[in-house]
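Coordinate analysis (summary)
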Amino acid sequence: MSGIVGKVHSIQSMGTLDGPGVRFVVFMQGCNLRCKCCHNPDTWNMDGGVEYSAEELCKKALRYREYFSDEGGVTVSGGEPLLQAEFVNELFCRLHKEGIHTCLDTSGSLLNDAIKRLLQNTDRVLLDIKYTTDEQYIDNVGCSLAAPLAFLAYLNEQKIPTTLRQVIIEGINDNEENVFTLKEIAHNNTCVDKIELLPFRKICQTKYDAMKITFPFADVPETKAEAIEKLNKLLDKHTK
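Residues numbered from 1 in each chain as written. Predicted model: local features only at pLDDT ≥ 70, side-chain atom pairs only at ≥ 80, totals over all residues. Heavy atoms only, no water.

1. Things to note about the overall build of the protein chain
- Summing up its helical and strand segments, the protein chain has 9 helices and 8 strands in all.
- A globule of 240 residues ought to have a C-alpha radius of gyration of about 18 Å, and the protein chain, at 17 Å, matches this closely.
- Seen through its C-alpha atoms, the protein chain measures out along the principal axes to roughly 45 × 45 × 35 Å.
- Looking at the protein chain as a whole, 47% of its 240 residues are labelled buried.
- Put simply, of all contacts in the protein chain between residues at least 6 apart along the chain, 69% involve residues at least 24 apart.
- Where the 27 positive side-chain charges of the protein chain centre and where its 34 negative ones centre are 3 Å apart. (Helix = DSSP H or I, 4+ residues; strand = E, 2+ residues; numbered from the N terminus. Rg over C-alpha atoms; globule rule 2.2 N^0.38 Å. Buried < 20%, exposed > 50% of the residue type's maximum accessible area, 1.4 Å probe, protein only. Contact = heavy atoms within 4.5 Å. Lys, Arg positive; Asp, Glu negative; His and termini not counted. Charge placed at Lys NZ, Arg CZ, Asp CG, Glu CD.)

2. Let's talk about helix H7 (residues 176-187)
- Taking 1.5 Å per residue, 12 residues should reach 16 Å; H7 reaches 16 Å between its end C-alpha atoms and fits that length.
- Listed as buried for H7 are Asn178, Val179, Leu182, Lys183, Ile185 and Ala186. On an axial view of H7, the arc spanned by its buried residues comes to 155 degrees, and they lie on one face.
- Residues of H7 that are buried sit in contact with helix H6 (146-158), strand S7 (162-168), strand S8 (192-199) and helix H9 (225-237).
- Capping of H7 at its N-terminal end is provided by Asn175; its side-chain oxygen lies 3.3 Å from the backbone amide nitrogen of Glu177. (Expected span 1.5 Å × (residues − 1). Arc of directions from axis to C-beta. Polar contact = N/O pair within 3.5 Å; in protein donor to acceptor, adjacent residues only side chain to side chain.)

3. Observations concerning the pairing of S8
- Pairing geometry for S7 and S8, over 7 bridges, is parallel. Bridged to Ile168 within S8 is Pro199.
- In this view, the connection linking S7 to its parallel neighbour S8 by way of H7 has right-handed handedness. (Pairing = 2+ DSSP bridges. Right-handed = clockwise from strand over helix to strand, strands pointing away.)

4. Structural notes on the pattern of salt bridges
- Evaluated as defined, the whole model comprises 11 salt bridges.
- Notably, a salt bridge pairs Arg94 with Glu90, separated by 3.6 Å at the nearest N-O pair. One end of the pair is Arg94 and the other is Glu90, both in helix H3 (residues 85-97) and 4 residues apart, which spans about a single turn.
- In this structure, Glu196 engages Lys194 in a salt bridge whose closest nitrogen and oxygen atoms are separated by 3.2 Å. (Salt bridge = Lys/Arg side-chain N within 4 Å of Asp/Glu carboxyl O.)

5. Some words on the nonpolar core
- Membership of the largest hydrophobic core comes to 47 residues, with the highest contact counts inside it found for Leu119, Leu155 and Leu164.
- Residue contributions to this core peak at 6 residues, all from H3.
- Those residues in contact with Leu164, other than ones at most four positions away along the chain, are Leu127, Ile129, Leu152, Leu182, Ile185, Ala186, Val192, Lys194, Ile195 and Glu196. (Core = buried A, V, L, I, M, F, W, Y, C linked by side-chain atoms within 4.5 Å.)

6. Describing H9
- With 13 residues, H9 should cover 18 Å at 1.5 Å per step; its first-to-last C-alpha distance of 18 Å lies within 8% of that length.
- Of the residues making up H9, those classed as buried are Ile228, Leu231, Leu234 and Leu235. Taken around the axis of H9, the buried residues stretch over an arc of 120 degrees, which confines them to a single face. Across from the buried face of H9, at angles greater than 90 degrees, the exposed residues are Ala225, Glu226, Lys230, Lys233, Asp236 and Lys237.
- The secondary structure elements touched by the buried residues of H9 are S7, H7 and S8.

7. Focus on the environment of Val192
- The residue Val192 is located in strand S8 in this model.
- Judged by relative accessible area, which is 3%, Val192 ranks as buried.

8. Side note on the packing of aromatic side chains
- Overall, the coordinates contain 6 aromatic pairs when judged by the stated rule.
- Ring geometry for Phe200 and Phe217: centres 6.1 Å apart, planes at 80 degrees, overall edge-to-face. On the criterion of sequence distance, the pair formed by Phe200 in the loop between S8 and helix H8 (205-211) and Phe217 in the loop between H8 and H9 is long-range, its members being 17 residues apart. Across the pair, exposure class does not vary: Phe200 and Phe217 are buried alike.
- Ring pairs connect the aromatic residues Trp44, Phe200, Tyr208, Phe215 and Phe217, which therefore count as one cluster. (Phe/Tyr/Trp six-rings, centres within 6.5 Å; stacked < 30°, edge-to-face > 60°.)

Here it is, written out as structure tokens:
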């Protein structure tokens, strides 16, 4: 092992929303995107965070092994964990030696040799397909839709189990056309075995205020549960 140091924004010891089962969740510092709906602007800057070795994080995670059961494990999220692919790979290697399930939560906006090595030690990917048009991606994310689609194509090639995730935002992607396109993307990539639609929330407003920066979606209403339910019914109706 290299002993490389990673920059960590925060840790959640008993997460239930970041992959299957109960999970130890590591949020990495640093992000290459500037999503207008971002809930964690405090993760953007690579200069922030707390330094950990992979060994230290692995030992912390193992304290919760008894809660993982068969489905749980460790999820690394962000920020964007792909920016620290070598570190996350070392962590996942250590976890695999301990028999712990590994999960990567990512925007899929990057792909290089270091990331491909990391994916060899990744049991599941939670992939954000934030929008289904290139125009919306460029306007609201800062990269092209082609980037996460290329990442997904690689996951499919490697047969890595994948959950597609999308935050539903009123007036932007809360429509049938978007959901049908998302379903088509899943249908064309057999590695995808689940789609999760998540409601847009604005509890992050306090972070933007504290950082004295503008929250681009401050005037967008939060997504109602009924809207998510309606779109989920469309997904169920148009199964593979």
